[in-house]
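Architecture and fold: a report
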Amino acid sequence: MKSNRELTVSRAMAEAIAQEMRTDPSVFVMGEDIGTYGGIFGATAGLLDEFGEERVRDTPISETGFIGAAVGAAMAGMRPIAELMFVDFYGVCMDSISNLAAKNIYFSGGNCKVPMVLMTATGGGYNDAGQHSQALHATFAHLPGLKVVAPSNAYDAKGLMISAIRDDSPVIYMFHKGLQGLAWMNWPQSAAAIVPEDAYAIPFGEAKVLREGRDVTIVAISMMVHRAMEAAEALAADGIDAEVIDLRTLVPLDRKTVVESVRKTGRLVVVDEDYSSYGLTAEVIASVVETDISLLKAAPRRVAYPDIPIPYSRPMEDFALPNADKIGAAVRQTLGKAA
Amino acid sequence: MTPGKDQLIWMYDKMVEARYYEDSLAAIYMEGKTPKFDIGSGPVPGEMHLAAGQEPCAAGVCVHLRADDTVTATHRPHHAAIAKGVDLNRMTAEIFGKKTGLAGGRGGHMHLLDPAVNFACSGIIAQGTGPAVGAALAARLQGRDSVAVSYVGDGAANQGAFHEALNLAALWKLGVVFVIEDNAWGISVPKAKSTAVRDNAVRAAAYGIPGVHVADNDTLEVFKAAGEAVARARRGDGPTLIEIETYRYYGHFQGDPELYRPAGEVAALKAKDPIDRLTKHMLESGAATRADLDAVAAKARQRVDAAIKFARDSDYPAPEEALEHVFA
């Protein structure tokens, strides 16, 4: 029953990388603890044994250096995959990402390619505090020249990784720690999925309608897709029929699917684990409003992380994280019902 | 430079306190995490990085410091925090995520920050090097002779911030002591696979400052190297780089399966435990009797037990306190 295997997200990512490495000798991986350890979040498990240290390369703690090196290798004909262990560490290497990876295609007038993948772990919910728990989707999506991917489940994780590796532009692949299917972290079982054995690519910029509904459109990404689905189930019990959209990629952003959904439902709630202000939630709402403000029967709502650093202590982090209850309350507000 | 009797007792006290603290935390961390290990459960959730074995780096350096000196430590900070004099009750409450913690539960174990004794640590590799340079610069501008010590791991010596800070401190002749705690591992990557030189102390030459290598986690050698470096810094003669070969008894974080680690490594390290060696030295040199040391150790353990009780008995913060203190 090979075609019916269920995989975790981390195994789906590792399988995608392995398949591309088998067929394309220019693909290689580097990063901290991605070799012997198999990646702190399991995204490179098993790769060292199959491909060896030349192509599965543990690096020193030198992100500016090795992410810069990924840019150089990509421009020299390779397809590097670099891992930034936690996205929170972007501060030490943002120049390599934003002023190098994201700009060289433009600076060449389209005469060069930068086919690299930067994969990085996002998200909180496990009490690891403000330097190891951020989502930071918007930080990268805000920078022109980067494609930004954030899968919510194993099927998408494999297909989007294969697309990322084959893409000739730099792609930031943001995977959520709490979706990886790790033994030591709580994760929603809905993140695991039936994953075909063959390689398949999921095009960027195509959102997925996970649940069709008449009354309201809930747009989410990454972990928040699961929270949105929980909210939709709870709302259904009260006779509220929510449509849930998984964006899957932030850049390119599938504005069309969102607009078409709101055209049907007339109501919009956008959910993101990233900070509330200046983020994905605002971008999605603006996309609808700019297209046709009359599509909305009620003011749109956003459910996002408040504009505070991530607190360590459990009651405070639980308070701050978006969850199904908050999403449900926001939906009721759009319907003019008491939260 | 050799330590006097009081200094030996002080170092022993801090090392025993730190060791007992770490071993206690190791046990507490597993509460609520058995039979299934879930990193977010129990009284101490999140990542936990323990420094048991690395006590000489803390005690042997901080014995030369005053409260007005600055220490910036790593993500493995408890031993240094204890030696620098961070309030043990409030630090422990912070690690438990309680309202009475140093930051009211906002920071947790990797982000202990105690302005009362000028101590900070960080979850980002090499991040403390710049602030140490800044603290020393401020002392210069304010006409004070306080110094700054910046702890980093051997892995951090390959981070850009480390080199930029060394150059600045050397260029401006600031009173900074850079201490590399070389425990031989950057998570799973051994030093030999991340650093092209065997001894990071030689990198001091690139910045025109002294570099000192301390072999085999020797407390007395750490005392000597740090004493000279702190004195030099306090005199206004500029920074020093010290690399201490030290031991990490636990994994990178608690729950680390340590599949990368050679079997028997920890047992071999424990056979030459630095606290045992210091004890032996003190007894043989006549600096202390067994009864003296037992009394010191008993008091240290009492302080730790009291701090853990304080943390356990404290309340959690109200959830909405998460919104406070974003700005000053």
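Residues numbered from 1 in each chain as written. Chains lettered and ligands numbered in written order. Predicted model: local features only at pLDDT ≥ 70, side-chain atom pairs only at ≥ 80, totals over all residues. Heavy atoms only, no water.

Rules: UniProt positions are given in the numbering used here, feature names are shortened, and annotations may be inferred rather than shown by experiment.
An unreviewed UniProt entry lists chain B under the name Pyruvate dehydrogenase (Acetyl-transferring), with Polymorphum gilvum given as the organism. Recorded under Function (unreviewed entry), the UniProt text for chain B is reproduced unchanged: "The pyruvate dehydrogenase complex catalyzes the overall conversion of pyruvate to acetyl-CoA and CO(2). It contains multiple copies of three enzymatic components: pyruvate dehydrogenase (E1), dihydrolipoamide acetyltransferase (E2) and lipoamide dehydrogenase (E3)." UniProt annotates chain B under Cofactor (unreviewed entry) with the comment "thiamine diphosphate".

Going by what an unreviewed UniProt entry lists, chain A is known as TPP-dependent acetoin dehydrogenase complex, E1 component, beta subunit and is assigned to Polymorphum gilvum. Listed in UniProt under the heading Cofactor (unreviewed entry), the comment for chain A reads: "thiamine diphosphate".

Some points on the overall build of chain B
Put simply, the test is: The secondary structure listing takes helices from DSSP runs of H or I that are at least 4 residues long and strands from runs of E that are at least 2 residues long, numbered from the N terminus. Throughout, the radius of gyration refers to the C-alpha atoms, and the reference size of a globule is 2.2 Å times the residue count to the power 0.38. By the convention used here, residues are in contact when the closest approach between their heavy atoms is within 4.5 Å. All accessible areas in this document rest on Shrake-Rupley with a 1.4 Å probe, and a residue is counted as covered only by the protein chains that are shown. For the charge count, each Lys or Arg is scored as positive and each Asp or Glu as negative, with His and the chain ends excluded. Each charge is placed at NZ for Lys, CZ for Arg, CG for Asp and CD for Glu.
Each helix and strand counted, chain B has ten helices and nine strands in total. For a compact globule of 328 residues, the expected C-alpha radius of gyration is about 20 Å, and chain B comes in at 19 Å, within 12% of that figure. In terms of its C-alpha atoms, chain B occupies a principal-axis envelope of roughly 50 × 50 × 40 Å. In chain B, the proportion of contacts linking residues at least 24 apart, taken out of those at least 6 apart, comes to 75%. Accessible surface, chain B: about 12500 Å² in total, of which carbon and sulfur atoms supply 57%. If the 35 positive side-chain charges of chain B are averaged to one point and the 41 negative ones to another, these points end up 2 Å apart.

Regarding the UniProt feature "domain: Dehydrogenase E1 component" (unreviewed entry) in chain B
If you check UniProt for "domain: Dehydrogenase E1 component" (unreviewed entry), the listed places come out as residues 46-319 of chain B in our numbering. Taken end to end, residues 46-319 of chain B comprises 39% helix and 12% strand; its first and last C-alpha atoms sit 18 Å apart.

Describing the interface of chain A and chain B
Cut-off, in case you're wondering: Simply put, the buried area is the total loss of 1.4 Å probe accessible area from both parts when two parts are fitted together. We define a salt bridge as a side-chain nitrogen of Lys or Arg found within 4 Å of a carboxyl oxygen belonging to Asp or Glu. Definition of a polar contact: a pair of N or O atoms within 3.5 Å, with one able to donate and the other able to accept a hydrogen when the atoms are protein atoms, and with sequence-neighbouring residues admitted only if both atoms are side-chain atoms. Each residue gets one of three labels, nonpolar for Ala, Val, Leu, Ile, Met, Phe, Trp, Tyr, Cys and Pro, charged for Asp, Glu, Lys and Arg, and polar for the others, Gly among them.
Tallying the contact residues gives 39 residues for chain A and 49 residues for chain B. Roughly 3400 Å² is buried in total at the junction of chain A and chain B, and carbon and sulfur atoms are behind 61% of that figure. Applying the counting rule to chain A against chain B returns one salt bridge. Summed over the shared surface of chain A and chain B, the number is 19 residue pairs in polar contact (both at pLDDT 80 or more). For the side of chain A that touches chain B, the elements supplying multiple residues, two or more each, are β4 (79-86) and α11 (314-320) of chain A. When residues of the side of chain A that touches chain B are assigned to their parent elements, the largest contribution, four residues, is made by α11(A). Among the residues making up the side of chain A that touches chain B, the classes are represented as 22 nonpolar, nine polar and eight charged.

Quick word on the domain arrangement of chain A
Residues and elements named next belong to chain A. Put simply, the rule is: The domain boundaries here were taken from an automatic or database domain assignment.
Per the domain assignment, the segments making up chain A are domain 1 (6-194) and domain 2 (208-334). The centre of domain 1, based on its C-alpha atoms, is set 26 Å off from the matching centre of domain 2. Each partner contributes to the interface: domain 1 provides 31 residues, whereas domain 2 provides 25 residues. For the interface between domain 1 and domain 2, the tally reads two salt bridges. K208 is the partner of D156 in a salt bridge, and the nearest nitrogen-oxygen pair spans 3.2 Å. Taken together, the elements giving at least two residues each to the side of domain 1 that touches domain 2 come down to α6 (137-141), β6 (147-149) and α7 (154-166). The element contributing the most residues to the side of domain 1 that touches domain 2 is α6, with four residues. Classifying every residue of the side of domain 1 that touches domain 2 gives 15 nonpolar, 14 polar and two charged.

Focus: the sheet that holds strand β9 (residues 240-245) of chain B
Residue and element names in this part refer to chain B. Basically, it comes down to this: The pairing criterion is simple: DSSP has to find at least two bridges between the two strands. Orientation is described by lines fitted to C-alpha atoms, with helices fitted over the stretch in contact, and by angles between N-to-C directions that extend from 0 to 180 degrees.
If you walk across this open sheet you meet the seven strands as β2-β3-β1-β4-β5-β9-β8, and the pairing is mixed. Of all the strands in the sheet, the pair left with one neighbour each is β2 (113-114) and β8 (211-214). On the sheet, helix α2 (residues 55-62) packs against β1 (70-72), β4 (148-153), β5 (176-182) and β9 and is oriented at approximately 170° with respect to β4. Packing against the sheet, helix α5 (residues 129-141) makes contact with β1, β4 and β5, and its axis sits at approximately 170° to β4.

Considering unusual backbone geometry
The amide bond that connects V251(A) to the next residue, P252(A), takes the cis arrangement and shows omega of 0°. Looking at the secondary structure, you find P252(A) in the loop between β12 (249-251) and α9 (255-265). Looking along the chain, the bond that leaves T34(B) and enters P35(B) is cis, with omega of 5°. Within the element layout of this structure, P35(B) appears in the loop between α1 (5-29) and α2.

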